[in-house]
Amino acid sequence: MLGIFKKTFKGLEKTRKKVANAFSLISNKSYLDESDIELLEDCLSQADISYPIIENVVDELKVKDSSSINWKDRAHKVLLSKLVISQSVDDIKKVIILVGINGSGKTTSAAKLAQYYSSNGEKVCLVAGDTYRAAAVEQIETWSDRLNVRLVQNPNTTDPASVAFDGVESGMSRGERVIVDTAGRLHTSTNLMNELEKIHRVISKVTDQITTLMVIDGNIGKNSLMQLEHFNKYLNIDGIIITKLDGTAKGGVALTAISEYNIPVYYIGVGEGSDDLIPFIPDDYLKSILGDDGE
Ligand SMILES: Nc1nc2c(ncn2[C@@H]2O[C@H](COP(=O)(O)OP(=O)(O)OP(=O)(O)O)[C@@H](O)[C@H]2O)c(=O)[nH]1
Ligand SMILES: [Mg+2]
């Protein structure tokens, strides 16, 4: 069941149990009273689903429905409608810039993407755009060795835009998929945010085939959406990778990102290995949160 979503399914077990429990408590009811609604609101909120979305679910469940469809299926239907966005991993352009706050999983995601595209037969180049820490360069170097993909780095400069330019220029001329790692930063650091904007601007001189993906730690929950909003002010965020959904994450962040910000989630990270990246599939994702009757 659920094939490649198995790890997410395992990771979100706690959330799913709570949600499933709430739905089983109301399963025999033909209408929902205030305490049932409160119970549902509570467990959906604990799953990191934002209030406007919860309100939509509750409003729908308050509508009389004489068909046999059950409460959970109705909630699933509402939530799925929130995840409808014309997204496809095929929309991702040749150059990918990964941005996000410290430790969200950018470098690991760069490695995962490198493996993903290599295994699809593409030539891949990693760009060490985190020039501030020697350890950061070593980390991506280790991945490039392990995955046998080209790495562009420059120990003689701390200017990430310069390394990114070299990487994209050489990568495009070789027909490679170019994945640019960047240093983690807080959205409140204006200088570092301007630097990201500069990286993007400099790469744009080489090509317009750029997709900027924000890497979000799924454990951070609702706060991460504020970070998304701020990053999106400095450079257009084209899509999202949500990481660590194999861990203690509650899971609901993807719903809010897509429905309130209209930014697609392309991939999710479900582990620390280079093959722990899977395309985001709305229906499977919802089953990970709400449960699946076949579970
Ligand atoms: N369980 C799990 N761990 C992950 C996942 N993605 C990344 N990690 C771990 O999270 C930690 C941080 O990952 P990095 O890829 O170094 O994060 P980063 O965003 O590059 O960090 P900075 O460069 O310091 O900003 C590492 O220990 C990774 O192994 C994931 O999907 N699941
Ligand atoms: Mg990093």
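Treat the numbers as computed from the prediction; the structure is a model and nothing was measured. (Residues numbered from 1 in each chain as written. Chains lettered and ligands numbered in written order. Predicted model: local features only at pLDDT ≥ 70, side-chain atom pairs only at ≥ 80, totals over all residues.)

For the rest of this paragraph, the subject is the overall build of the protein chain. Secondary structure assignment for the protein chain yields 12 helices and eight strands. For a compact globule of 295 residues, the expected C-alpha radius of gyration is about 19 Å, and the protein chain comes in at 21 Å, within 12% of that figure. Principal-axis analysis of the C-alpha atoms gives the protein chain an extent of 70 × 40 × 30 Å. Summarising the internal contacts of the protein chain: among those between residues at least 6 apart in sequence, 75% fall at separations of at least 24. (Helix = DSSP H or I, 4+ residues; strand = E, 2+ residues; numbered from the N terminus. Rg over C-alpha atoms; globule rule 2.2 N^0.38 Å. Contact = placed C-beta atoms within 7 Å.)

Quick look at unusual backbone geometry now. With the exception of glycine, the majority of residues adopt a negative phi angle, and the majority of peptide bonds are in the trans configuration. One non-glycine residue with positive phi stands out, namely lysine 244, at about 65°. Secondary-structure assignment places lysine 244 in the loop between β6 (239-243) and α11 (253-261). Lysine 244 sits in the buried class, given 23 other C-beta atoms within 10 Å. Although it is not a glycine, asparagine 262 sits at a positive phi angle of roughly 60°. Along the polypeptide, asparagine 262 turns up in the loop between α11 and β7 (265-269). Residue class for asparagine 262 comes out exposed when judged on the 8 C-beta atoms lying within 10 Å of it. (Buried ≥ 20, exposed ≤ 12 C-beta atoms within 10 Å, placed from the backbone.)

In the neighbourhood of ligand 1, 21 residues make up the surrounding shell, with Gly105, Thr107, Thr108, Gly184 and Gly269 lying closest. When residues of the shell around ligand 1 are assigned to their parent elements, the largest contribution, three residues, is made by helix α6 (residues 106-119). Across the shell around ligand 1, the residue classes break down as three nonpolar, 12 polar and six charged. (Near = placed C-beta within 6 Å. Nonpolar A, V, L, I, M, F, W, Y, C, P; charged D, E, K, R; others polar.)

What follows deals with the sheet that holds strand β1 (residues 95-99). Read across the open sheet, the eight strands follow the order β3-β2-β4-β1-β5-β6-β7-β8; overall the sheet is mixed. Lying at the two open borders of the sheet, with one neighbouring strand each, are β3 (150-152) and β8 (277-279). Shown here is a sheet whose adjacent strand axes are inclined to one another by a mean of 25°, direction ignored. Relative to strand β4 (residues 177-182), strand β2 (residues 124-129) is paired through six bridges, and the arrangement is parallel. The residue bridging valine 124 from the neighbouring strand is arginine 177, located in β4. (Pairing = 2+ DSSP bridges. Axes fitted to C-alpha atoms, helices over the stretch in contact; angles between N-to-C directions.)

Looking now at the packing of helix α2 (residues 13-25) against helix α3 (residues 34-46). Look at α2 against α3: their axes get within 9 Å of each other, and the N-to-C directions meet at 165°. In terms of orientation, α2 lies roughly antiparallel with respect to α3. Crossing angle aside, the handedness with which α2 passes α3 is left-handed. Taking contact as the criterion, the partners of Lys18, Val19, Ala22 and Leu25 in α2 are, on α3, Leu39, Leu40, Cys43 and Gln46. When its residues are assigned to classes, the contact of α2 with α3 shows six nonpolar, one polar and one charged. (Parallel < 35°, antiparallel > 145°, perpendicular 65-115°, else oblique. Left-handed = near helix turned anticlockwise from the far one by under 90°.)

Our focus in this paragraph is the pairing of β1. The side chains of a regular strand alternate, residue by residue, between the two faces of the sheet. Here β1 lies mainly inside the structure; five of its five residues are buried. Of the strand pairs in this sheet, β1 and β4 are connected by three bridges, and their pairing is parallel. Across the sheet, isoleucine 96 pairs through a bridge with isoleucine 179, a residue of β4. Bridge count for β1 against strand β5 (residues 210-217) is five bridges, and the pairing is parallel. For valine 95, the partnering residue across the bridge sits in β5 and is isoleucine 210.

Attention now moves to the packing of helix α4 (residues 51-62) against helix α5 (residues 71-82). Each pair of packed helices can be described by the angle between their axes along with the distance between the axes. Where α4 contacts α5, the two axes come as close as 9 Å, and the packing angle between them is 135°. On the basis of the axis angle, α4 is oblique to α5. Handedness of the α4/α5 crossing: right-handed. Between α4 and α5, the contacting residues are Ile53, Asn56, Val57, Glu60 and Leu61 on the first element and Trp71, Arg74, Ala75, Val78, Leu79 and Lys82 on the second. Here the contact of α4 with α5 is composed, by residue class, of seven nonpolar, one polar and three charged.

Bringing the environment of leucine 235 into the picture now. With respect to the helices, strands and loops of the structure, leucine 235 is situated in the loop between α10 (223-234) and β6. Expressed as a C-alpha distance, the spacing of leucine 235 and threonine 15, which sit 220 residues apart in the sequence, is 33 Å.

Our focus in this paragraph is the nonpolar core. Counting residues in hydrophobic clusters, the biggest one holds 81 residues, and the most contacted among them are Ala114, Leu126, Val127, Ile179 and Ile240. Here the element with the most residues in this core is α6; it accounts for six residues. Setting aside anything within four residues of it in sequence, one finds valine 127 in contact with Val152, Val163, Ala164, Gly167, Val178, Ile179, Val180 and Asp181. (Core = buried A, V, L, I, M, F, W, Y, C linked by C-beta atoms within 7 Å.)

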